[in-house]
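What follows is each chain in one-letter form.
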Amino acid sequence: MTLHSDPSMQVHFDDVSLYGTPKEEPMPNIPIVSEKVSANFLKSQLQSWFQPTDNRLAMKLFGSRKALVKERIRQKTSGHWVIHPCSSFRFYWDLCMLLLLVANLIILPVAISFFNDDLSTRWIAFNCLSDTIFLIDIVVNFRTGIMQQDNAEQVILDPKLIAKHYLRTWFFLDLISSIPLDYIFLIFNQDFSDSFQILHAGRALRILRLAKLLSLVRLLRLSRLVRYVSQWEEVYFLNMASVFMRIFNLICMMLLIGHWSGCLQFLVPMLQGFPSNSWVSINELQESYWLEQYSWALFKAMSHMLCIGYGRFPPQSLTDMWLTMLSMISGATCYALFLGHATNLIQSLDSSRRQYREKVKQVEEYMAYRKLPRDMRQRITEYFEHRYQGKFFDEELILGELSEKLREDVINYNCRSLVASVPFFANADSNFVSDVVTKLKYEVFQPGDIIIKEGTIGTKMYFIQEGVVDIVMANGEVATSLSDGSYFGEICLLTNARRVASVRAETYCNLFSLSVDHFNCVLDQYPLMRKTMETVAAERLNKIGKNPNIMHQKDEQLSNPESNTITAVVNALAAEADDCKDDDMDLKENLLHGSESSIAEPVQTIREGLPRPRSGEFRALFEGNTP
Ligand code: CMP
């Protein structure tokens, strides 16, 4: 860190903490410590005006206030009178320049085309003032730090580098568009007007017209407008609104080009002295009020640009024809750009739906290619409809791009209804719930799907978010049914044995699966939850007539609070079961199977819940509304 000889430029050790990070300073500006307070007051005010403030651009670049303070110190130590691109000065300067540019780009062509020989004082004053400001802008640009594309945080603050960069990029365009032509005309007018008026009136007029034509180079200021607008867009509209902003910009640009084209339609015949076959003469507008001339010129230009017609009359002269062609080309280009952007916007508005349609189309083609049977195709189509509900997201990819904390929060939020409906979770430690839900995988099964096959080795267990599954015994009898908020497939994971029963989806089932590795990993950390699960599993085994003792091989003495928790969970499951079993169970059994569950009766002690499904489909099924 180089220290400057001027005390006001020095970084004091008070500015930096013991750990080398700059101390947080009161916002918005750093008061520069100075001995000669009164003398340096203005200077320090100016300097702070040039320093980065905590505006949106600065926060985007530097991320935190601490980094911002560091940047201020860096600027202070660099010791030059350099304006930071994130400073308040630059912000307000850019804003003023933006307004002035828009005014210039609208007024200039009108003044040049419709007020040709009228060098009024007002016009000269306006031109002189704007030329001066644009020249000052060049100076300001020479002293404004440069944000690098590849290293946004490292703003170039060295005046030499800034000058080099500016000279290499926009300087010449800026200079040409800011040449103070009116100052030159003023001098020219004062010194030679008399002799020109008397001796060479015709030549003077031509020179004046040429000068007017030359002032068209001011329209190159458009490049500055584009630069400023894109810079602002990047900082302030870098989200969804940016697409709208782009379309808005494009419409503004189209209107501006239309305006320019209109002015050009009039300027050319005017410079030719309104030949009799020019559109102005045909329309008898030579002596009309400028607004009338402008309106007809704009109408003509717009008609070409939108490819609607030629205005009042088709072009008669060669010049008119060329002008018409020019505005047709510019109009068609703008139109094509507009269409492209609008299509882009419409597509980006509903990208998930578009992706879904693309996916379905691909699947349809695949099914045709593989010549799958009709009913299988039907099932695949239905699966897609149910699974994605018309929108396709690569959820894993989206969540993978989030921070760990955000990912966890999103998953917890997404699983909130599951957590609320599963008694096992509702009574569990919130850390346990969070650990489990972040490892769940969403799966959908269709009616009739065998989710678990008896006798196989299990690799995962399931939590039911929505739907009904039947526990089917080896002899084909349905032992019981489970619904929203229940879980199954845990016994095999707890005992390391084979599946004790088959599980079949009775309706569409939205399940969350937990793999055996994750299952063991989580339960190792929460042994109490393992105990709870084992207790429920023992009862389940008991119900289907299998030996429940396999669950308690490693049984240890439980402490009072632990056994209370287990009882709470088991009771919660029981309460849910009691709530639902009277109505839903009987109703479902009757409607779905038309008979009582065969072995459900003798084991009424089972403490398993069967909450009412939320799905409209299932309710409709209960009410007998399905086709
Ligand atoms: P698992 O043996 O892994 O696979 C079949 C599953 O069916 C089993 O785990 C239990 O989760 C579930 N299951 C077996 N019997 C019952 C029952 N009586 N009540 C509820 N669920 C059961």
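Basis of the calculations
Here, residues in each chain are numbered from 1, in the same order as that chain's written sequence. In keeping with the model being predicted, local features are shown solely for residues with a pLDDT of at least 70 and side-chain atom pairs are shown and tallied solely at 80 or more, while totals for entire chains, interfaces and linings include all residues. Only hydrogens and water are set aside when side-chain values are computed; all heavy atoms of the structure are taken into account. UniProt positions are given in the numbering used here, feature names are shortened, and annotations may be inferred rather than shown by experiment. Strands are runs of DSSP state E lasting at least 2 residues, helices are runs of H or I lasting at least 4, and numbering of each runs from the N terminus. Residue exposure (1.4 Å probe, protein chains only): buried if accessible area is under 20% of the type maximum, exposed if over 50%, otherwise partly exposed. By this definition, two strands are paired if DSSP reports at least two bridges between them. Summary of the distance rule: residues count as near a molecule or strand when at least one heavy atom falls within 4 Å of that molecule or strand. Each polar contact in these results corresponds to two N or O atoms within 3.5 Å; when the atoms are within protein, one needs to be able to donate a hydrogen and the other to accept it, and residues that are neighboring in sequence are counted only if both atoms are side-chain atoms. Using a 1.4 Å probe, accessible areas were evaluated by the Shrake-Rupley method; residue-level cover was limited to the displayed protein chains. Any residue outside Ala, Val, Leu, Ile, Met, Phe, Trp, Tyr, Cys, Pro, Asp, Glu, Lys and Arg is labelled polar, Gly included; the first ten of those are nonpolar and the last four are charged. Comment: axis = line fitted to C-alpha atoms, over the contacting stretch for helices; angle = value between 0 and 180 degrees taken between N-to-C directions. By salt bridge we mean one thing: a side-chain nitrogen of Lys or Arg within 4 Å of a carboxyl oxygen of Asp or Glu.

Here is the UniProt Sequence similarities (unreviewed entry) comment for the protein chain, exactly as written: "Belongs to the potassium channel HCN family." The UniProt entry for the protein chain carries the following text under Catalytic activity (unreviewed entry): "Na(+)(in) = Na(+)(out)".

Draft legend 1. Broad picture of the UniProt feature "transmembrane region" (unreviewed entry) in the protein chain. According to UniProt, the feature "transmembrane region" (unreviewed entry) maps to residues 91-112, 124-146, 247-268 and 322-346 in the numbering used here. End C-alpha to end C-alpha, residues 91-112 measures 31 Å, and it is 100% helix and 0% strand. Spanning residues 247-268, this segment combines 100% helix with 0% strand, and its end C-alpha atoms are found 31 Å apart.

Draft legend 2. Quick look at the pairing of strand β5 (residues 478-482). For β5, a buried count of five out of five residues is recorded, marking the element as mostly surrounded by other parts of the structure. Bridge analysis of strand β4 (residues 469-472) against β5 gives four bridges, and the strand direction is antiparallel. Counterpart to valine 469 in the pairing with β5 is leucine 482.

Draft legend 3. Up close: the site of the ligand. Around the ligand sit 16 residues in total, of which Gly489, Glu490, Cys492, Arg499 and Val500 are the nearest. The separation between an oxygen atom of the ligand and a polar main-chain atom of cysteine 492 is 3.0 Å. Protein coverage of the free-state accessible area of the ligand, which is 450 Å², stands at 100%. With three residues, helix α22 (residues 490-495) is the single largest residue contributor to the shell around the ligand. Residue composition of the shell around the ligand, by class: 10 nonpolar, two polar and four charged.

Draft legend 4. Looking closely at the sheet that holds strand β7 (residues 502-505). One open sheet holds the four strands; their spatial order is β2-β7-β4-β5, and the pairing between them is antiparallel. Two strands close off the open sheet at either side, each with one partner strand: β2 (450-452) and β5. For this sheet the average axis-to-axis angle between neighbouring strands, irrespective of direction, equals 30 degrees.

Draft legend 5. Highlighting the pattern of salt bridges. Under the defined criterion, the tally for this structure stands at 14 salt bridges. Residue lysine 361 pairs with glutamate 364 through a salt bridge whose shortest N-O separation is 3.5 Å. Remark: glutamate 364 and lysine 361 occur in helix α15 (residues 351-369); sequence separation between them is three residues, near one turn of the helix. The class for lysine 361 is partly exposed, based on a relative accessible area of 46%. Here arginine 504 ties to aspartate 470 by a salt bridge, and the two come within 3.6 Å at their closest N and O atoms. Of this pair, arginine 504 sits in strand β7 while aspartate 470 sits in strand β4; the two residues are 34 residues apart in sequence, bridging distant segments of the chain. Salt bridges sharing partners connect three or more residues here, namely Asp350, Arg353 and Lys391.

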